[in-house]
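Notes for the structure review
Spelled out from the first residue to the last, the chains are:
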Amino acid sequence: MLDNRPTLPPEIARRRTFAIISHPDAGKTTLTEKFLLYGGAIQMAGQVRAKGEARRTRSDFMQMEKDRGISVSASAMSFDFGEYRFNLVDTPGHSDFSEDTYRTLTAVDAAIMVIDGAKGVESQTQKLFEVCRLRDLPILTFCNKMDRESRDTFDIIDEIQENLAIDVTPASWPIGTGREFLGCYDLIRDRLELMDRADRNVVAESISIEGLDDPKLADHIPEVLLEKLREEVEMARELLPPLDHQAFLDGTLTPIWFGSAINSFGVKELMDGIAGYGPQPQVQSAEPRQVAPEETKVAGFVFKVQANMDPKHRDRVAFLRVASGHFKRGMKLTHVRSKKPMAISNPVLFLASDRELAEEAWAGDIIGIPNHGQLRIGDALTEGEGLRFTGIPSFAPELLQTCRAGDPMKAKHLDKALMQFAEEGAAKIFKPTFGSGFIVGVVGALQFEVLASRIELEYGLPVRFEASQFTSARWVHGPKDKVDAFANANKQHIATDNDGDPVYLTRLQWDIDRVERDYPDITLSATKELMV
């Protein structure tokens, strides 16, 4: 991070683009709802498992998500909070979910990590966290569910420091836990925040006091808890690092807030934290040069494609992170991969499942561009310059199965459906040189169910997934003549992905070792940068 960055235009500087990462059930969807509630985007927070369609959560809109109460598709939501414009990118939290989650993190400037007060750091959080670390994303932590029986505050902080190797500084400190949880002491502004248990949608009342020795505290907190609070805060201030803004921006220190999202408690303080400390839109890495948000020309990259958001129309929406400039509706931008101009006449802004036409967008914003398959993940749109944004990963799938149409007469339609999912990034589709059918690769097993149910729902095609003899796939790189010779000698193992690139399908680690031994000019790689 350089300190000599120019001041951004006020419209860009007020933007905060972030994602929420968490383990399933740590309370991410509830937190998202409360954000929208405070941002004035929704009037009533519908609980995830509420009865009746009227109160379905606003951030989960695919049928399967509603049935299972999980967020499958990452969607983007924009809303205002005070003078700030928040762009919240939702990430699917299931370990079985695809790379969407990882790619989403390439489009944000910061992440909020939600952990459950009773369970601490869980496996999924750890995976997502590592991706944040690769990108040095600033992280804010929210310890949720403090109104249930939770662990000792110091234990939770220790666990984060040890498992995630990041310094933690408390921004608030909980008073009591479980049934005794009364609220928090705001360490940044020396205030008492009390939780109202009666009404979940009411903002907590805050009482301003003069530090921890203020006699007013005794009116609100029982003596036992007050003593414990004074003791713990004193220890915390001695043992834990103070809030250092630069260390936070570098991604080496995370401030932690405690609260209960379902009781709307601690959420507003967290939002103030994002507004006050969160990073402004950052420089994006690209070839041949980096793209700074204050540049006047518009540039952006597609980090997600979602097909059939509206089942009545076979549309696809490409989510574009605006990296620089001031975009206006109707602008003609160059689609770098095909070098063709595209007039962007109906870009959309997402307010959960409501879409609005976006008249304008600034660097840091995320807009949806409806299209018929021209835009793919990793594509750049610019005002004519041949930029390629780097660092958008594509991972080798860990699970492979063959896919056949239930009705052999409909095999053509299956081709089309699978291609669509491949471009959307929901799965990898490999076409073997030998034999019929497709081999579908995903990162998590649940993905096969999601695909089968979507192919049936959206295309009316029942499909069968069957076990495949292959266990993993590697992209083949090397001089063209060597790759061709290799492909001819190993026909049974060779397939092409949806971009037409050669892929080597393996059964055992031995296959990979053999190639490394026998073909020194060929490299097999488990990731592929999605660039043109």
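Residues numbered from 1 in each chain as written. Predicted model: local features only at pLDDT ≥ 70, side-chain atom pairs only at ≥ 80, totals over all residues. Heavy atoms only, no water.

Looking only at helices and strands, the chain has 14 helices and 33 strands in total. Classification of the 532 residues of the chain by burial places 57% in the buried group. Sequence separation of 24 or more characterises 71% of the internal contacts of the chain that already satisfy a separation of 6 or more. (Helix = DSSP H or I, 4+ residues; strand = E, 2+ residues; numbered from the N terminus. Buried < 20%, exposed > 50% of the residue type's maximum accessible area, 1.4 Å probe, protein only. Contact = heavy atoms within 4.5 Å.)

Now for the packing of aromatic side chains. Scanning the model with the defined rule gives 11 aromatic pairs in all. With a centroid separation of 5.1 Å and 55° between ring planes, the pair formed by Phe-154 and Trp-173 is classed as tilted. Highlighted residues: Phe-154 in helix α6 (residues 153-164) and Trp-173 in strand β7 (residues 172-175), separated in sequence by 19 residues. Summarising the burial analysis for this pair, Phe-154 and Trp-173 share the class buried. Considering the side-chain rings of Phe-448 and Phe-465, the 5.2 Å spacing of their centres and the 50° angle between planes classify their relative orientation as tilted. Of this pair, Phe-448 sits in helix α12 (residues 446-459) while Phe-465 sits in strand β28 (residues 463-467), and the two are 17 residues apart along the sequence. For Phe-448, a relative accessible area of 7% translates into the label buried. Aromatic ring contacts, followed pair by pair, group Phe-18, Phe-35, Phe-79, Phe-81 and Phe-86 into a single cluster. Just above the ring of Phe-438 sits the side chain of Lys-431; from NZ or CZ to the centre is 5.0 Å. (Phe/Tyr/Trp six-rings, centres within 6.5 Å; stacked < 30°, edge-to-face > 60°. Lys NZ or Arg CZ within 6 Å of the ring centre and 35° of its normal.)

For Arg-514, the location among the structural elements is in helix α14 (residues 509-518). Of the side chains with opposite charge, Asp-518 lies nearest to the buried Arg-514, which makes no salt bridge, at 4.3 Å. For Arg-514, the contacting residues outside a window of four places in its chain are Asn-490, Tyr-504 and Tyr-519. (Lys, Arg positive; Asp, Glu negative; His and termini not counted. Salt bridge = Lys/Arg side-chain N within 4 Å of Asp/Glu carboxyl O.)

Another aspect to go through is the packing of helix α11 (residues 411-424) against α12. Running from N to C, α11 and α12 cross one another at 120°; their axes reach a closest spacing of 11 Å. Of the possible angle classes, the one that applies to α11 and α12 is oblique. Here α11 runs over α12; the crossing is right-handed. Residues Leu-414, Ala-417, Leu-418, Gln-420, Phe-421 and Glu-424 of α11 pack against Leu-451, Arg-454, Ile-455, Glu-458 and Tyr-459 of α12. In terms of residue class, the contact of α11 with α12 is made up of seven nonpolar, one polar and three charged. (Axes fitted to C-alpha atoms, helices over the stretch in contact; angles between N-to-C directions. Parallel < 35°, antiparallel > 145°, perpendicular 65-115°, else oblique. Left-handed = near helix turned anticlockwise from the far one by under 90°. Nonpolar A, V, L, I, M, F, W, Y, C, P; charged D, E, K, R; others polar.)

Turning next to the nonpolar core. Ranked by internal contacts, the top residues of the largest apolar core, which has 79 residues, are Leu-105 and Ile-160. In terms of residues, this core owes the most to one element, strand β14 (residues 316-324), which gives six residues. Among the nonpolar cores identified, the runner-up in size contains 26 residues, and Phe-35, Tyr-38, Phe-79 and Val-267 belong to it. (Core = buried A, V, L, I, M, F, W, Y, C linked by side-chain atoms within 4.5 Å.)

This brings us to unusual backbone geometry. Residue Pro-288 is reached from Glu-287 by a cis peptide bond, and omega for that bond is -5°. Its place among the elements puts Pro-288 in the loop between β12 (286-287) and β13 (299-307). Positive phi, close to 60°, is recorded for Lys-339, a residue that is not glycine. Mapping Lys-339 onto the fold places it in the loop between β16 (332-335) and β17 (340-343).

Taken in spatial order, the seven strands make up an open sheet running β2-β3-β1-β4-β5-β11-β6, and their pairing is mixed. The open sheet has two free edges, formed respectively by β2 (76-81) and β6 (167-170), since each of these has just one partner strand. With direction set aside, neighbouring strand axes in the sheet form an average angle of 30°. Contacts from helix α2 (residues 28-38) reach β1 (15-22), β2, β3 (84-90), β4 (110-116) and β5 (139-144) within the one sheet, and its direction differs from that of β1 by about 155°. Relative to the sheet, helix α10 (residues 267-277) contacts β1, β2, β3, β4, β5 and β11 (253-258), its axis offset from that of β5 by approximately 180°. (Pairing = 2+ DSSP bridges.)

A cluster of acidic residues, Glu-223, Glu-227, Glu-231, Glu-234 and Glu-238, forms a negative patch on the protein surface. Residue classification places Glu-231 among the exposed residues on the basis of a relative accessible area of 51%. (Patch = residues over 30% accessible without salt bridge, like charges linked within 9 Å, V, L, I, M, F, W, Y side chains within 5 Å. Areas by Shrake-Rupley, 256 points an atom, 1.4 Å probe, with all protein chains shown as cover. Charge placed at Lys NZ, Arg CZ, Asp CG, Glu CD.)

Turning our eyes to something else, we now look at the environment of Leu-387. Topologically, Leu-387 is positioned in the loop between β22 (380-382) and β23 (388-389). Leu-387 sits 97 residues away from Gln-290 along the chain, and the two C-alpha atoms are 9.0 Å apart. For Leu-387, the contacting residues outside a window of four places in its chain are Glu-287, Pro-288, Arg-289, Val-291, Ala-299, Val-336, Ala-380 and Thr-382.

Let us look at α6. The end-to-end C-alpha distance of α6, which contains 12 residues, comes to 17 Å, matching closely the 16 Å that a straight helix rising 1.5 Å per residue would cover. Those residues of α6 lying buried are Thr-153, Phe-154, Ile-156, Ile-157, Glu-159, Ile-160 and Leu-164. Just downstream of α6 lies Ala-165, where phi reads positive at about 50°. (Expected span 1.5 Å × (residues − 1).)

This part covers the pairing of β2. In terms of residue burial, β2 counts as a mostly covered element, since five of its six residues are buried. Where β2 meets β3, six bridges bridge the pair, whose relative direction is antiparallel. Following the sheet pairing, Phe-79 is matched in β3 by Phe-86. Turn length for the β2-β3 hairpin, with the two strands adjacent in sequence and antiparallel, is two residues, and the turn residue Gly-82 shows positive phi of about 60°.

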